Amino acid sequence: MRQLTYVGGSTIEWWDVPEPKLLHEGDALVQPLAVTRCDIDLIIVSGKSGLPGPFALGHETAGRVVEVGSAVKNFAPGDLVIVPFQISCGDCERCRRGHTNACTSVPFRSSYGLKPVCGVEYGGALSDLLRVPFADHMLVRQRGLSRR
Ligand SMILES: [Zn+2]
Ligand SMILES: [Zn+2]
């Protein structure tokens, strides 16, 4: 699939990368339909962020569910969703207190489109597909637009 990739300096390129797959039964795959940029994206592509490439760009997105794992109960292919940029489980103590930005089930600052801040490449929204872990918790339904 195509992935807009921050290479380094002020260079971004479309790279051909393997499609993400469901890794856990609670995962979903989402096709981004609308992606906006964050101010930090501008800083990254200007080369001033100091974040080392390469990594997938894009973390502000709404899209369509295309596949769900066997444990996903609340979403099905075709559902229109918003994907929060930070990865969280919804189940740890911090998540249960509402502090999903500090989820202890994933590395600190786990986010889409920002691999250097968390050390994990979760992929970016400027790609054909995103893998969303903890999908029942992570995904936000677009009310009134869902096609189920
Ligand atoms: Zn942002
Ligand atoms: Zn958590």
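Up top is the structure these notes are about.
The model shown is predicted, which means the values in this text are computed figures rather than measured ones.

Chemist: Help me understand the overall build of the chain, please; the structure alone is not making it clear to me.
Modeler: Looking only at helices and strands, the chain features 4 helices and 8 strands. Helices and strands appear in the chain in the N-to-C order β-β-β-α-β-β-β-α-α-β-α-β. Here the C-alpha atoms of the chain give a radius of gyration of 15 Å, agreeing with the 15 Å that 2.2 N^0.38 yields for 148 residues. Reported as C-alpha extents along the three principal axes, the dimensions of the chain are approximately 45 × 30 × 25 Å. Burial statistics for the chain: of 148 residues in total, 33% are counted as buried.

Chemist: Even after reading the chapter, I still don't get the environment of Gly 8, so can you show me in this structure?
Modeler: Its place among the elements puts Gly 8 in strand β1 (residues 2-8). Owing to 13 C-beta atoms within 10 Å, Gly 8 belongs among the partly exposed residues under this scheme. With 44 residues separating them in the primary sequence, Gly 8 and Pro 52 have C-alpha atoms 6.3 Å apart. Discounting chain neighbours no more than four positions away, the residues touching Gly 8 are Pro 52, Gly 53 and Pro 54.

Chemist: I'm lost on the sheet that holds strand β4 (residues 55-56) in this one. Help?
Modeler: By way of backbone hydrogen bonds, the strands of a sheet pair with one another, either parallel or antiparallel. The antiparallel open sheet is built from 3 strands, whose spatial order is β2-β1-β4. The sheet is open, and its two borders are formed by β2 (11-16) and β4, each paired with just one other strand. Pairing geometry for β1 and β2, over 6 bridges, is antiparallel. The partner of Gly 8 across the bridge, within β2, is Thr 11.

Chemist: Could you clarify how one ought to interpret the nonpolar core in this entry?
Modeler: Proteins that are soluble and globular tend to have nonpolar side chains buried together. Grouped together as the largest cluster of nonpolar side chains are 29 residues, with contacts concentrated most on Ala 28, Val 30, Phe 75, Val 132, Ala 135 and Leu 139. At the level of secondary structure, the elements contributing two or more residues to this core comprise β3 (28-36), β4, β5 (60-68), β6 (80-83), β7 (130-132) and α4 (135-138). With 4 residues, the single largest contributor to this core is β3. Contact partners of Phe 75, with chain neighbours within four places excluded, come to Ala 28, Val 65, Val 68, Val 81, Ala 135, Asp 136 and Leu 139.

Scoring rules and cut-offs
- The residue numbers shown here count from 1 along each chain, following its written sequence.
- Going through the entries in the order they are written, you letter the chains from A and number the ligands from 1.
- The model is predicted, so local features are restricted to residues of pLDDT at least 70 and side-chain atom pairs to those at 80 or more, both for listing and for counting; the totals for chains, interfaces and linings are taken over all residues.
- Runs of E in the DSSP output that reach at least two residues are strands. Runs of H or I that reach at least four are helices, and both are numbered from the N terminus.
- Radius of gyration here is computed from C-alpha atoms only, and the compact-globule reference equals 2.2 Å multiplied by the residue count raised to the power 0.38.
- Neighbour counting defines burial: a residue surrounded by 20 or more other C-beta atoms within 10 Å of its own C-beta is buried, one with 12 or fewer is exposed, and intermediate counts give partly exposed, using backbone-placed C-beta atoms.
- By the convention adopted here, residues are in contact when the distance between their C-beta atoms, placed from the backbone, does not exceed 7 Å.
- Any two strands are treated as partners once DSSP identifies two or more bridges connecting them.
- For this analysis, nonpolar core means a set of buried Ala, Val, Leu, Ile, Met, Phe, Trp, Tyr and Cys residues linked through C-beta atoms within 7 Å.

Worth remembering: the numbers are spatial, not functional.
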